[in-house]
Amino acid sequence: MHDERSPYGRSPYGPDDRESGGTGGRAARRRAPNGQDGRRRSPLVVVGRTALALSSALVLLASGVSWAAYNWVSSGLNTSDALSAIGGKDAPKHLDNSVNLLLIGLDSRKDMNGNDLPREFVKDQLHAGSSDIGYYNTNTLILMHIPADGGKVTAFSVPRDDYVQTFNGDGTSQGHFKIKEAYGNAYTVAHDKLSAQGVKGADLEGKSREAGREATLATVQNFLQVPIDHFAEVNLLGFYDIAKVLQPIEVCLKHPVKDRYSGADFGAGHQQLNPKQALAFVRQRHGLEGGDLDRTHRQQAFLSSVTHKLKTEGVFGDLGKLQGLFDVVKKDLVIDSKFDVLDFAQQATNLTGGNVVFHTLPIAGFGTRNRESVNLVDVPKIQSIVQSLIGGKSASPDGSGGGAPSPSTKAAPATVDVLNGAGKVKPGAAGDELKALAALGYTAGRADNAAPRQRTTILYGAGAQEAAQQIADRLSTAAPVSSASVPAGHVQVILGADFTAPPATSEKSTAPGAKDNAPAPVPSDAFAGDSVKEGGIPCVN
């Protein structure tokens, strides 16, 4: 959870995703103590350009032309060792030879060396104002599961505002943040530390971004409880470059749209988009019934359209076209250093064969955390959905994936007292939450009122730290605090105005000590909106 004492400071985005001005996130935070924003973020800066970047990643990764890919890689691809840094005995394990690939779309209006993108590009093509405003959010995260037998590829989009426990590359917790912020949090700490040591220029930018990649990989791996084998990261400029090479891009809309914020102005049905229009297509969220979630479906549809175009127009069979495309992508794309493109090309033919289904992971509702709008998530439910579709390890034994104790973990012994500091805003909340915790296996103590407070806090007495941490994960609060005023073996939960009751889940999926961990079939309505099937030009909102 964001906290004034946090080493990460405030997010560069203030309440409700408004963005502070100034040069980068660090300066913005220093000029705005106690989390107060500077000038209000222009709606024109609403971020969503990442689908174009991910398309550029697929251009490389899905290519079956091994010779061209090999020569391109050997001629100067940007690589990262971030995956090596997050490996270890606690990482989820594979059950077979399948491959999990994480596509990362980085919202940064800077090049690989930390220099601002051209002003004309940012202002005229993105409608985004100054390059000084952007930071390092990962506004698109898509995990692609490629089966060992070459079967259907399953892709999961993680909504950018999911409020989860985020981690650094070394496994230490950052606290609870929007999942998109893990990268920027780690980048900021590394940048400030390295800068104080005298590191400068491109070296400073590169090492700081590496810390951001490690944090993103560790966070997604922990959140979904699946191992990540490879990743590809593309920055903002890469989106535009690929759209420019492949234009026009054909898309399809179920309804006409006109949005002054993103510049989207399209009729219903099929559209042929130039690069500027393509950016508007994947940026738009205003005026869409599903808001950010509909924008995620736009990104998925765009990926489908791009790969369909690449295949049907013969790009994969034309070495000259591929080399030209690679020349554009390689300056904006980063892949992990262990990525064997030749080997991957033989496994990933289904990425362009129309045998990919994109799912958007569900949210449990909306809430406010530290004056920011967030997506509330049921972590055990999400992990169960992912495991049911691709197989693998269930929630981590220590419950660090978030939420209530995992199905295989008993509630740690403790007596829980719940006090309502939310006042008249949420009457009866203490009693309801105490019942919910008792149902999970904790010993029910007392439910009472407390002095009004903004934030939910958790205190614990001697011997109750494990239970306190489990409950903190369930409620997505800051780390619990040891207190001499709390009796030994007790946990005291003081609800604040920010409290939102976690979503109710079935006893089978959440009750501590449950023995049946067999994955259940995933219903069609388990995801956020309709799934997008690749292989043509899907119509979306």
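Please refer to the structure higher up on the page.
The rules behind each value
Residues numbered from 1 in each chain as written. Predicted model: local features only at pLDDT ≥ 70, side-chain atom pairs only at ≥ 80, totals over all residues. Heavy atoms only, no water. Axes fitted to C-alpha atoms, helices over the stretch in contact; angles between N-to-C directions. Helix = DSSP H or I, 4+ residues; strand = E, 2+ residues; numbered from the N terminus. Parallel < 35°, antiparallel > 145°, perpendicular 65-115°, else oblique. Left-handed = near helix turned anticlockwise from the far one by under 90°. Contact = heavy atoms within 4.5 Å. Buried < 20%, exposed > 50% of the residue type's maximum accessible area, 1.4 Å probe, protein only. Pairing = 2+ DSSP bridges. Phe/Tyr/Trp six-rings, centres within 6.5 Å; stacked < 30°, edge-to-face > 60°.

Now for the packing of helix α8 (residues 236-246) against helix α9 (residues 275-283). Contact geometry of α8 with α9 gives a least axis separation of 9 Å together with a crossing angle of 130°. With respect to α9, the axis of α8 lies oblique. The two elements α8 and α9 meet at a crossing, and its hand is right-handed. The residues of α9 that touch α8, namely those facing Phe239, Tyr240, Ala243 and Lys244, are Pro275, Lys276, Ala278 and Leu279.

Attention shifts here to the pairing of strand β16 (residues 415-420). Taken across its six residues, β16 has six buried, putting it largely inside the fold. Where β16 meets strand β17 (residues 443-449), five bridges bridge the pair, whose relative direction is parallel. Following the sheet pairing, Leu419 is matched in β17 by Asp448. Strand direction decides the pairing type here: β16 and strand β20 (residues 490-495), joined by six bridges, are parallel. Its bridge partner lying in β20, Thr415 is registered against His490.

Moving on, we get to the packing of aromatic side chains. The full count for this structure, using the stated rule, is four aromatic pairs. Look at Tyr135 and Tyr136: their rings are 5.2 Å apart centre to centre, the planes differ by 80°, and that puts the pair in the edge-to-face class. In this pair, the class of Tyr135 matches that of Tyr136, namely buried. Pairing Tyr136 with Tyr183 gives two aromatic rings, centres 6.4 Å apart and planes at 5°, and the pair type is stacked. With Tyr136 in the loop between α5 (119-125) and β3 (137-146) and Tyr183 in helix α6 (residues 181-196), this pair connects stretches of sequence that are 47 residues apart. Summarising the burial analysis for this pair, Tyr136 and Tyr183 share the class buried. A connected cluster of aromatic rings, assembled from ring pairs, spans Tyr135, Tyr136, Tyr183 and Tyr187.

Counting buried positions along strand β2 (residues 99-107) yields nine of nine residues, so the element is predominantly enclosed. Side chains of β2 alternate between two faces, with Val99, Leu101, Leu103, Gly105 and Asp107 and Asn100, Leu102, Ile104 and Leu106 buried alike. Across nine bridges, the pairing between β2 and β3 is antiparallel. The residue bridging Leu103 from the neighbouring strand is Ile142, located in β3.

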